[in-house]
Every structure is written in structure tokens, then in C-alpha cells.
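In case you want the letters, here they are:
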Number of protein chains: 2
Amino acid sequence: MTSDPQAWAADLTGLHAQVWARLLHGVADRQAPARHPTLATLSPDGWPEARTVVLRAADPVAGTLDLHTDLYSAKVAALRHCARAALHIWDAEMQLQSRLSVQVQVLSGPEVAAIWARVPDPSRQSYGTMPRPGQPIATDLAYEKRPDAESFAVLRCTVWAIDAVYLGPEHRRARFARETLWQGQWLAP
Amino acid sequence: MTSDPQAWAADLTGLHAQVWARLLHGVADRQAPARHPTLATLSPDGWPEARTVVLRAADPVAGTLDLHTDLYSAKVAALRHCARAALHIWDAEMQLQSRLSVQVQVLSGPEVAAIWARVPDPSRQSYGTMPRPGQPIATDLAYEKRPDAESFAVLRCTVWAIDAVYLGPEHRRARFARETLWQGQWLAP
């Protein structure tokens, strides 16, 4: 018996399933905590960098997640330099911190044409800013948004490991790794 | 004239001041978005890592921020390997994303005794977990919290640059750097 309302957190299989359930919830629901993970990368000049991204797809079987971005953003330059990255989600509803180690492939051009075709018009505004994202401009609004399929990139993130921390009445932490077929290991929190 | 309710976002000085005001709000108020930044570091084996931290102090004049952590946590090992890190805050109330590039000093022992003396008892539970944080354990709760001044560390983060993105009706983005005395530069968002 446990007084903990979140029984899933006391079980490695349940905890792993919950991480993926919340990722899928993030894809389906704009208001879900996992809709907006933080993506951490390493810049070409050696600085860790982090920014909010939007989670667009999750495949629990393959263990992959998709993000969309402007091909000319600094994060793409960072990922071409170092494909390893981290995704971080704090899910206040579930008291669950998910930390994912991912290897990222940058997809663009013809290989993402089918995905671009399904991007709704308002979202397309995010791809094709001129000057390029992060370039200096003379005044605050001296840029244009020109939706452009050529500037659209999909970041396909292959998950290598998950560190899950449940911060309920008693803290629980576990690590799940692809190389051990996601079986899970409890860790001191 | 502007219809934008957030006049501060249209002015480099105002935007920079707002970033720091929100950081100070995070120190003062447990519910503030800046109370819980995400800290991104580089692990000794070359993986970007990210986790939630608690903002404990902010000094806008020196341009420093303090976090508290367990001296034996993986983030300390990462920072000893690479002192460069990033702090990320998404402030939904202000529609403001603050991204800080920081250089981190790990302080412990006698040099943080005065800070430890002011850490309230419930917070002390976070420093001194045995086995050490991140170590494998046999079952979910096979660990003890033993508050211990020897395990307490302050991460003093010297801010080198700030990338601020205001996601109001019109997006605005600027970069502020220590080396240019924080004067600010508008960037394409």
C-alpha cells in the first residue's frame, strides 16, 4: 500500500510509460507542458545554449521526437557541429521532470516536403525570417516573415537516454537507456 | 504610438531592465517563472544536459546569479569540466524568453558557510543525499536525505550575454553582452 496518488511513479515500467504518455500529450495539446520542451545544444564556439522549442511529433516505438525550426537558425548550426543535444520538460501537473539525451538529424528540402505540406499557414510564418534569425538588425522590427519551404527544417531527435525525476511527496528518479532496451534503473534523486 | 501593451519590449534599455526585474522577482517569489530556470551544461563525456534549478540570488550590478546544489551532483562534475553554461527562462506572464550565457564558479566549504547558515531547514534536505545523487540504487526509495553542510555548493554564475526574445503580438529579440557594457543589439527573431 502507498499513500502516493501517482502509483505509476513507483514502478519503472509505469514511469517510463508516463514519460512517453506526456510527450504524446504534448504533441496533441497546445496547452500541455510537453508542448514546449527546452532544447540544449552546444554552439560551434563551445557554449551550451538552450531555447524553447515546439514538440511536433513523438514515436514511442522508434523512440524519436520531431521539432520544426528555421534551417538558418543558430540551433541548426549548433547541431551540425555537435549532433548531441538534450530536451528538458518540467511537467508541473505530474510533478515530473523529463530529461532526454538525443542525437539530432537535421532534415530539410525534398525529404521534409510532405511534412511542410501539413504545416498550417500561421505556423509557416516561423520559417523564412529575413534577415536570418539571430542576425543584427537596425531597429526592433526591421525584419520580415516570408514563409519559405526552403527555410523549413525538421529536427529528428533519436532518444538515447531518459532521466525521469518524480518530485511528489517522496522523490523518485530513474534512468532508461536505449542500450539496455529501456528497462530502467532507479537512481538516488 | 504603439498598440503593444508592453512598451518596455520596444526599447533596448527597457528590455534589458525587464530581464533583470524578472530575475529579481524569481529570487523573491516562489511562484515567479524565473524561480526555476533550466540550467544547460556539457557533461564530461560530451553530452549537453539540462535540468531545473532554483534561482537563489541575483545581482544586476555585478551581473551574477546564484544557484544552490548538492556538491556531488552531476551538474557540478559537468561544470568542473566545462564552466560555461546556459540559463533558460520562459516567462509566460511577460511573453519573455531569457537566455543567459554564464560562466560558473563552484563554491563550497568555508566560503559558503555564511550562505548555508541562512538556508532554511526544509531546503537543507536537498544537500547530502546518500548514495550521492544520480548513483544507482536497488529500489525506488533506497536513499536517505542527510542535510550536510559539506555537500552544499553555490553555483555563482557570471552572466556574459543575454539573448531576450519577446513573443508579444510582434516578436522582438535583442542581445546584450558584458563586453559591450550591456548596450544591446536588436536581432532578427
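Fair warning: this is a prediction, and the values are worked out from it, not measured in the lab. (Residues numbered from 1 in each chain as written. Chains lettered and ligands numbered in written order. Predicted model: local features only at pLDDT ≥ 70, side-chain atom pairs only at ≥ 80, totals over all residues. Heavy atoms only, no water.)

(A) Highlighting the overall build of chain A. The helix and strand inventory of chain A stands at four helices and 11 strands. The dimensions of chain A, computed from C-alpha atoms along their principal axes, are 60 × 35 × 35 Å. Pairs at least 24 residues apart make up 57% of the contacts formed inside chain A by residues separated by at least 6 positions. For chain A, the accessible area works out to roughly 8600 Å², and carbon and sulfur atoms hold 52% of it. (Helix = DSSP H or I, 4+ residues; strand = E, 2+ residues; numbered from the N terminus. Contact = heavy atoms within 4.5 Å. Areas by Shrake-Rupley, 256 points an atom, 1.4 Å probe, with all protein chains shown as cover.)

(B) Broad picture of the pattern of salt bridges. Summed over the entire model, instances satisfying the criterion amount to 16 salt bridges over all chains. One network of salt bridges, in which partners are shared, links Arg-22, Asp-91 and Glu-93 of chain A. (Salt bridge = Lys/Arg side-chain N within 4 Å of Asp/Glu carboxyl O.)

(C) Local environment of the pairing of strand β9 (residues 152-167) of chain A. Residues and elements named next belong to chain A. Of all 16 residues in β9, 12 are buried, a share of seventy percent or more. Strand direction decides the pairing type here: strand β6 (residues 96-108) and β9, joined by 13 bridges, are antiparallel. Within β9, the position partnered with Gln-103 by the bridge is Thr-158. Relative to strand β10 (residues 171-177), β9 runs antiparallel, the two sharing seven bridges. (Buried < 20%, exposed > 50% of the residue type's maximum accessible area, 1.4 Å probe, protein only. Pairing = 2+ DSSP bridges.)

(D) Inspection of the nonpolar core at higher detail. Membership of the largest hydrophobic core comes to 39 residues, with the highest contact counts inside it found for Leu-23, Leu-65 and Leu-87 of chain B. Broken down by secondary-structure element, the contributors of at least two residues to this core are α1 (12-28), β3 (55-59), β4 (64-70), α2 (74-81), β5 (84-91), β6 (96-108), β9 (152-167) and β10 (171-177) of chain B. Looking at which element gives the most residues to this core, the answer is β9 of chain B, with seven residues. In this structure, Trp-8, Val-19, Ala-164 and Tyr-166 of chain A belong to the second largest nonpolar core, which totals 38 residues. (Core = buried A, V, L, I, M, F, W, Y, C linked by side-chain atoms within 4.5 Å.)

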